[in-house]
Every structure is written in C-alpha cells, then in structure tokens.
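# Structural characterization, general
Next come the chains, spelled out residue by residue.
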Amino acid sequence: MNPAANLILVGPMGAGKSCIGRRLAERYGLRALDLDREIERRAGADIPTIFAHEGEAGFRARERAALAEALAQDGLVLATGGGVVLDAGNRARLRAGGFVVHLQVDVERQLRRLAHDRSRPLLARGDREQVLRELAATRAPLYAEVADLGFDTGDGSAAEAAARLARLL
Ligand code: S3P
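Residues numbered from 1 in each chain as written. Predicted model: local features only at pLDDT ≥ 70, side-chain atom pairs only at ≥ 80, totals over all residues. Heavy atoms only, no water.

## Structural notes on the sheet that holds strand 1 (residues 6–10)
Spatial ordering of the open sheet is given by 2-3-1-4-5, a layout of 5 strands whose pairing is parallel. Where the open sheet ends on each side, the last strands, each with one partner, are strand 2 (31–34) and strand 5 (149–152). Strand-to-strand twist in this sheet, taken as the mean axis angle between neighbours without regard to direction, amounts to 25 degrees. Where strand 4 (residues 98–104) and strand 5 come together, 4 bridges link them in parallel fashion. Among the inter-strand pairings, Q104 is bridged to a residue of strand 5, identified as D152. The sheet contacts of helix 7 (residues 158–166) involve strand 4 and strand 5, and relative to strand 5 the element is tilted by about 145 degrees. (Pairing = 2+ DSSP bridges. Helix = DSSP H or I, 4+ residues; strand = E, 2+ residues; numbered from the N terminus. Axes fitted to C-alpha atoms, helices over the stretch in contact; angles between N-to-C directions. Contact = heavy atoms within 4.5 Å.)

Right, here's the structure in full:
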C-alpha cells in the first residue's frame, strides 16, 4: 500500500470497519474518518432520524455527498457504511480514492455483534437474519468490484484483526 494514499474499508454492518479503521489509522499515522459519523455531524441528526425524516433515498444522497467530500482529501483511513457500494458513482470514487479493503464477516458473527444495536434502520425492516442474508447476497459482488483486497475479520478483537490486516498491506 502506498502510505500517502487513502485506505478505505468497505463491507457489511458489524464487520468492524470503524474499530479496525481507528486502529489502522493509529498504526500508520493517518486520520481516521467514519463516513456515517460524518453524515450525522453534517446533518446534525443521527442516522435513524435521517431515515425517518428523509427516507433511505435522503440518507443515500447525504452519503454520496459525504463520500465525495471525504475522498477529495488523502491520508485517511476511511470507514464507510455498508450500503456505500450500491451507487455506481460511489463505486468509481472508491476505486479511484485509495486502496480498498473489503472486510468480510459471516451472518452469524454479524448477528452476535449487532444483537443489541438500535442505530441501523435497515435491521428493523424484518427478521434480522433474513435482512442480513439478503443484503449480503445483493452486495457481495459490489464489494468485490471495488476491493483491492478481501480480508476475513475472523472471531478475534478489532485490535487482532487490525494487526493481522496490517501485515497484508
Ligand atoms: C447501512 C449501514 C450503516 C449505515 C446505514 C446503512 C447499510 O453503516 O450507513 O445504517 O446500508 O448497510 P455500517 O455498515 O457502519 O453499519
């Protein structure tokens, strides 16, 4: 990896993008940026509130704008939201914006990690396991399309996964 470029983490909810991203940023002396938190900061509202008032379409418009602005910079470790790859323009931006790692996690681990989560509106749309399996099926090829590297986050801590990932970069 060219350390001057951005390191971009994509992958499903509960893969550990934010936690692993913070640790990699420390390790490389880069700036950690979490796209979801950036969207919330710019909106002055949390993600459930944005979904409630503007729908998913409104959230996706905010996500596109925040991604474009983030990737106008470099020297970032950017943790993205799980749905960022749905938009073709976003996918082109991600590919051009840095080295992209697809953090992989299976549905069983997602269910464990997100068991008490109330901050992700898509999980409230139905049976959680079914929602996660459907999202995985539609999005797996999109993550693969943008990724330079696929990385299985495994069952360990975020620190362990970050250390293991750093050895591959
Ligand atoms: C979403 C994932 C979330 C957040 C929003 C939508 C998705 O981010 O952007 O709730 O479409 O998968 P995380 O992947 O950080 O949970």
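Structure's up, so let's keep going.
## Digging into helix 7
For helix 7, the complete set of buried residues consists of A161, A162, A163, L165 and A166. Looking at the buried side of helix 7, the elements it contacts are helix 1 (17–28), strand 4 and strand 5. (Buried < 20%, exposed > 50% of the residue type's maximum accessible area, 1.4 Å probe, protein only.)

## As for the packing of aromatic side chains
Any pair of aromatic rings gets described here by the distance separating the centres and the angle formed by the planes. Counting across every chain of the model gives 1 aromatic pair. With 5.0 Å between their ring centres and 35 degrees between their planes, F51 and F59 make a pair best called tilted. Comparing F51 with F59 shows no difference in burial state: the two are buried. (Phe/Tyr/Trp six-rings, centres within 6.5 Å; stacked < 30°, edge-to-face > 60°.)

## Regarding the nonpolar core
I8, V10, L35, L67, L78, V85 and L94 are the most contacted members of the largest nonpolar core, which totals 30 residues. Listing elements by their share of this core, those giving two or more residues are strand 1, helix 2 (35–43), helix 3 (47–70), strand 3 (76–79) and helix 6 (128–146). Considering each element in turn, this core owes the most residues, 7 residues, to helix 3. If we ignore the near neighbours within four places in the chain, the residues touching L67 are L35, L78, T80, V84, N90, R93 and L94. If you look at the next biggest cluster of nonpolar residues, it comprises 16 residues, including A25, L30, V77 and V105. (Core = buried A, V, L, I, M, F, W, Y, C linked by side-chain atoms within 4.5 Å.)

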